[in-house]
Amino acid sequence: MSTSLNPAQRRAAEILEGPVLVIAGAGTGKTHTLVHRLVKLVESGVAPESILLLTFTRRSAQEMVARAAKMLGDEREPVAGGTFHSFANLTLRRYGRDIDLPSNFTILDQSDVFEILSGIRTELKLTDEGLDLPRRETIAAIISKSINQQAPIEDIVAREYSQFFNITDYLGIAASRYEKYKSEHNLVDFDNLLVLLIRLLEQSDEARARVHDRCRYVMVDEYQDTNVLQARITHLLAGESRNLMVVGDDAQSIYAFRGANHRNLFDFKESFPDAELVTLEENYRSTQPVLDVANALMVQMSEAFQKRLFTKRAEGTRPLLVECSNEQEQAVFVAEEIGRLREQGIPLSEIAVLFRASRHAFALEVELGGHAIPYVKYGGFRFMESAHIKDVLAHLKLVERPEDDLSLSRVLLMRDGIGKKGAKQILDAVSGLSLVKSLRSYKARGKVRASLDELASFLESIEPLREAPPRCLEAAVEAFDPLIKTRYDDWPRRKRDLETLVGLVERYRSLPSMLTDLTLEPPNAARGQGLASNAPRSELVLSTMHSAKGLEWKAVFVIQAQDGFIPMISGFNTEREEDDEEALDEERRLLYVAVTRAKDLLYVVWPRDTARSRYSWPMPSRFIERIPEEYFERCDAHDWLA
DNA sequence: CGTTGGTAAATTTTT
DNA sequence: TTTACCAACG
Ligand SMILES: Nc1ncnc2c1ncn2[C@@H]1O[C@H](COP(=O)(O)OP(=O)(O)OP(=O)(O)O)[C@@H](O)[C@H]1O
């Protein structure tokens, strides 16, 4: 990385005290500036460990912390940095007692939340015959949005889910039952982490003082992706010293679907009227032909603070708009073109393929396999949330916290002879006593008796292994072996995943921190692949557009750019028009993020024949259609490949 | 009561 | 591909 700064960047980096706001377009060096300011702080005598770097996504956090570590060198203490959620977790484990939060709370992942909500959903349906409730995913989305926007359920339903307006009350009941379940079981979901951190910082003078003492300088990257809660946390962390830098680009705000509010970026000036505002204009990443496309997307945005990106790299290849007859041809085109780029000396690690949704890359993944092109995929598939992984981990969670009813229920249900009713009865019977003892003394016969004895013996046998979490996991995997074979037809693949998991946790010495990390920072493993070879090799990146933010590659392919996929139009869209407008704007910003990842070469590829094309005439993305024709080179994949 | 097997419906993006 | 729901069987 270059160590130089342009005058505007230097100005921002040299304001060491007080609030600083950097608003700038893609590739203008926001992260670059932030990291340089960090170095200047350290050079001025600030201890690296008293600087806190925060951002919303794990990948941005990794990128930011890695760049910081590289600039500071090895001999320095590492800076503290991560996502808001991981910071909240650490702080709450340490000081949570001040607000009556036990430090051994369990964090729920997405699928845990779904599980609890399906339970509540069936309960509600049972009491009210004929009641039609939305799917559990939708209920979860509504509840989460209400927390992340700090708005009542009624408002969220009225605004964005008007098709459920008549059952608003039930959604409210579901939300309060869900909250009750969590607090009764010492469970905390991702949203709670933020809410509880705010409560802690507001209510505990001591905790706040300690946190301020430790985090004397705070910097937030990708600030446009923060929601009300994260903005509040940022303000609380700044405290009286107000040593706070936030950087962001409103045109790259892509998390409104989870309550992010890019206006936070502008509101910063209102909360901190004396904040120094720095804007950056020169792009150091891309060639002008790539920026022409980005700028053409920018002018389509209704709300954006218009920033015209320019670069000294005036010369470059015009982006290519490629039309394919179908997804298969799209996959072939991308794979072949990547082969050609490699022949021209571009390493695989400098090439990325970006898409709107994980499944848009399925055909390409198969094709890459055929071409022996190694790749790593980000986004979409959640290894840690596969059923078999959760099955095994539920056993370990039970060792860590025997009163974890959610895990106990899961562990019971997978055993022979125990169904919903039985599990509930056993659950009610065990509360209070030692788990192993109560499982043994529970009155049951036949299959159920055998299942309970087997579970009790297993729990007893791994108890001594607590101090060696990887061995504990191995034992659980082994005990799970007979169950995996009866439960899953495709058990060989799932067994490989479990071996992968064992390999991934080798370094852990503490069971609770292992379990927390696996939830909060789940490793990105591929399905059924086994352990990746640890020989470092150059790999192609396949990524969702969301996960690509903040990163850059020489060559970028944006695939599945058919209208309907970009922007993504869901089949069931009863939202109000103005919300549609907002949603559409977000989709456009997403494409803006994608195209601004490219340094030199940009390909936008669209297939004609897809699942959608049966219902509507296939067209390239409406956002692409509105870009002046001369900004793209156009071709048909069929001719190109010939 | 639990299991099994069938059908219909839905299928983003992240912490 | 998975999940919610239902009916039939043990
Ligand atoms: N003053 C500079 N001189 C040379 N290169 C620079 C300069 N500033 C930034 N760069 C380079 O430009 C590229 C983009 O920088 P960076 O990732 O910090 O931009 P960004 O504004 O954070 O981008 P995004 O909004 O896309 O996350 C990087 O490769 C960085 O090294």
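Throughout this document, residue positions are counted from 1 along each chain, in the order its sequence is written. Numbering of ligands from 1 and lettering of chains from A proceed in the order in which they are written. Residue-level local features of this predicted model are given only where pLDDT is at least 70; pairs of side-chain atoms are given and counted only at 80 or more, and the full residue set underlies all totals for whole chains, interfaces and linings. As a convention, hydrogens and water are excluded, and side-chain values are obtained from all of the structure's heavy atoms.

Once that is clear, we can look at the nonpolar core. Nonpolar side chains tend toward joint burial in soluble globular proteins. Of all hydrophobic cores here, the largest spans 47 residues; its most connected members are Leu393, Leu396, Leu412, Leu439, Leu459, Leu473 and Leu501. Numbered from the N terminus, helices here are DSSP runs of H or I no shorter than four residues, and strands are runs of E no shorter than two. When residues of this core are traced back to their parent elements, those giving at least two are helix 16 (387–400), helix 17 (405–413), helix 18 (420–430), helix 19 (435–441), helix 20 (446–462), helix 21 (469–487), helix 22 (491–504) and helix 23 (511–520). Ignoring any residue separated from it by four or fewer positions in sequence, one finds Leu473 in contact with Val392, Leu393, Leu396, Leu501, Val502 and Val505. Counting residues in hydrophobic clusters, the runner-up holds 44 residues, among them Ala260, Val293, Met301 and Ala548. Residues belong to a common nonpolar core when they are buried Ala, Val, Leu, Ile, Met, Phe, Trp, Tyr or Cys residues joined through side-chain atoms within 4.5 Å. When accessible area is computed with a 1.4 Å probe and restricted to protein chains, residues below 20% of their type maximum are described as buried, those above 50% as exposed, and intermediate ones as partly exposed. Note on contacts: a residue pair qualifies if any of its non-hydrogen atoms lie within 4.5 Å across the two residues.

A separate point is the sheet that holds strand 13 (residues 553–558). Spatially, seven strands are ordered 11-12-10-13-14-9-15 in an open sheet, and the strand pairing comes out parallel. Each edge of the open sheet carries a strand with a single partner, namely strand 11 (375–378) and strand 15 (633–636). Within the sheet, the average angular offset between the axes of one strand and its neighbour, ignoring direction, is 20°. Sheet analysis places strand 10 (residues 351–355) next to strand 12 (residues 540–544), joined by four bridges and oriented parallel. At least two DSSP bridges between two strands are required for those strands to pair. Lines fitted to the C-alpha atoms define the axes, with helices restricted to the stretch that makes contact. Angles between their N-to-C directions range from 0 to 180 degrees.

Next up on the list: the protein's contact with DNA strand C. Close to DNA strand C lie Arg121, Lys125, Arg136 and Arg527, which account for all nearby residues. For DNA strand C, a phosphate oxygen lies 3.0 Å from a polar atom in the side chain of Arg121. Throughout this description, a polar contact denotes any pair of N or O atoms lying within 3.5 Å of each other; where both atoms belong to protein, one of them has to be capable of donating a hydrogen while the other can accept it, and for residues adjacent in sequence the pair is counted only when both atoms sit in side chains. Between DNA strand C and the protein, one listed contact pairs a phosphate oxygen with a side-chain N or O atom of Arg136 at 3.0 Å. When residues are sorted by character, Ala, Val, Leu, Ile, Met, Phe, Trp, Tyr, Cys and Pro go into the nonpolar class, Asp, Glu, Lys and Arg into the charged class, and all the rest, Gly among them, into the polar class. By residue class, the composition of the surface near DNA strand C is no nonpolar, no polar and four charged. The near set for a molecule or strand comprises every residue that places at least one heavy atom within 4 Å of it.

Of all residues adjacent to DNA strand B, which total 28 residues, the nearest are Arg58, Arg356, Arg382, Gly417 and Gly422. Counted by atom, the contact set of DNA strand B within 4 Å of the protein is 63% sugar and phosphate. The backbone of Ser358 places a nitrogen or oxygen atom 3.0 Å from a phosphate oxygen of DNA strand B. Thr544 places a polar side-chain atom, nitrogen or oxygen, 3.1 Å from a phosphate oxygen of DNA strand B. Per-class residue counts for the surface near DNA strand B are seven nonpolar, 13 polar and eight charged.

A few words now on the sheet that holds strand 7 (residues 244–248). Read across the sheet, six strands follow the order 3-2-6-7-1-8 without closing on themselves; strand pairing throughout is parallel. Edge positions in the sheet fall to strand 3 (80–83) and strand 8 (276–280), since each has one partner strand and no second. Pairs of neighbouring strands in the sheet enclose a mean axial angle of 15°, with direction left out of account. Across the sheet, helix 4 (residues 84–95) is in contact with strand 2 (51–55), strand 3 and strand 6 (217–220); its angle to strand 3 comes to roughly 115°. Helix 12 (residues 264–271) contacts strand 1 (20–24) and strand 7 of the sheet and is inclined by roughly 150° relative to strand 1.

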